[in-house]
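The lines below spell out each chain.
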Amino acid sequence: MYDKDGAVYFKLLGERYQAWDDHKQKHIEKVKNAPAVIEDAVRGRVEREVDEDFVIFRANGDPVFHFVNVVTTSR
């Protein structure tokens, strides 16, 4: 994990490279890594490729939805 612009990011492991993002209209840092594979009971094999570090806590200190969801549903 690391801080950037007041937010806390989860740092992915893997080789880093720069790529142009059409939506953001700038170069961003991406990470080469293997896709996450989940055997889902309904959908079967699901592969998800994550190629950017992602925010865990916003700059205002609030956790993002996917973190809150896991924490609150595991009680």
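Below or above, wherever it landed, is the structure these notes cover. (Residues numbered from 1 in each chain as written. Predicted model: local features only at pLDDT ≥ 70, side-chain atom pairs only at ≥ 80, totals over all residues. Heavy atoms only, no water.)

Comments concerning the pattern of salt bridges
Phase 1 of the analysis: Here the structure, examined in full by the defined rule, presents seven salt bridges.
Phase 2 of the analysis: Between Arg16 and Asp53 there is a salt bridge; the shortest N-O distance is 3.1 Å. Of the two residues, Arg16 is situated in strand 3 (residues 15–21) and Asp53 in the loop between strand 6 (44–48) and strand 7 (54–57); the sequence distance between them amounts to 37 residues.
Phase 3 of the analysis: Among the residues examined, Asp53 registers a relative accessible area of 14% and is labelled buried.
Phase 4 of the analysis: We note a salt bridge from Glu39 to Arg45, for which the minimum N-O separation is 4.0 Å. Across the pair, exposure class does not vary: Glu39 and Arg45 are exposed alike.
Phase 5 of the analysis: When salt bridges that share partners are traced, they join Arg16, Glu29 and Asp53 into one network. (Salt bridge = Lys/Arg side-chain N within 4 Å of Asp/Glu carboxyl O. Helix = DSSP H or I, 4+ residues; strand = E, 2+ residues; numbered from the N terminus. Buried < 20%, exposed > 50% of the residue type's maximum accessible area, 1.4 Å probe, protein only.)

Notes on the environment of Gly61
Phase 1 of the analysis: Position of Gly61 relative to the elements: it lies in the loop between strand 7 and helix 1 (65–73).
Phase 2 of the analysis: Given a relative accessible area of 44%, Gly61 falls into the partly exposed group.
Phase 3 of the analysis: Sequence separation between Gly61 and Ala7 is 54 residues; the distance between their C-alpha atoms is 7.4 Å.

Looking at the sheet that holds strand 7
Phase 1 of the analysis: If you trace the three strands from one edge of the open sheet to the other, you get 1-2-7, paired in antiparallel fashion. Each end of this open sheet is capped by a strand with a single partner; those strands are strand 1 (2–4) and strand 7. Pairwise comparison of adjacent strand axes, ignoring direction, gives a mean angle of 50° for this sheet. (Pairing = 2+ DSSP bridges. Axes fitted to C-alpha atoms, helices over the stretch in contact; angles between N-to-C directions.)

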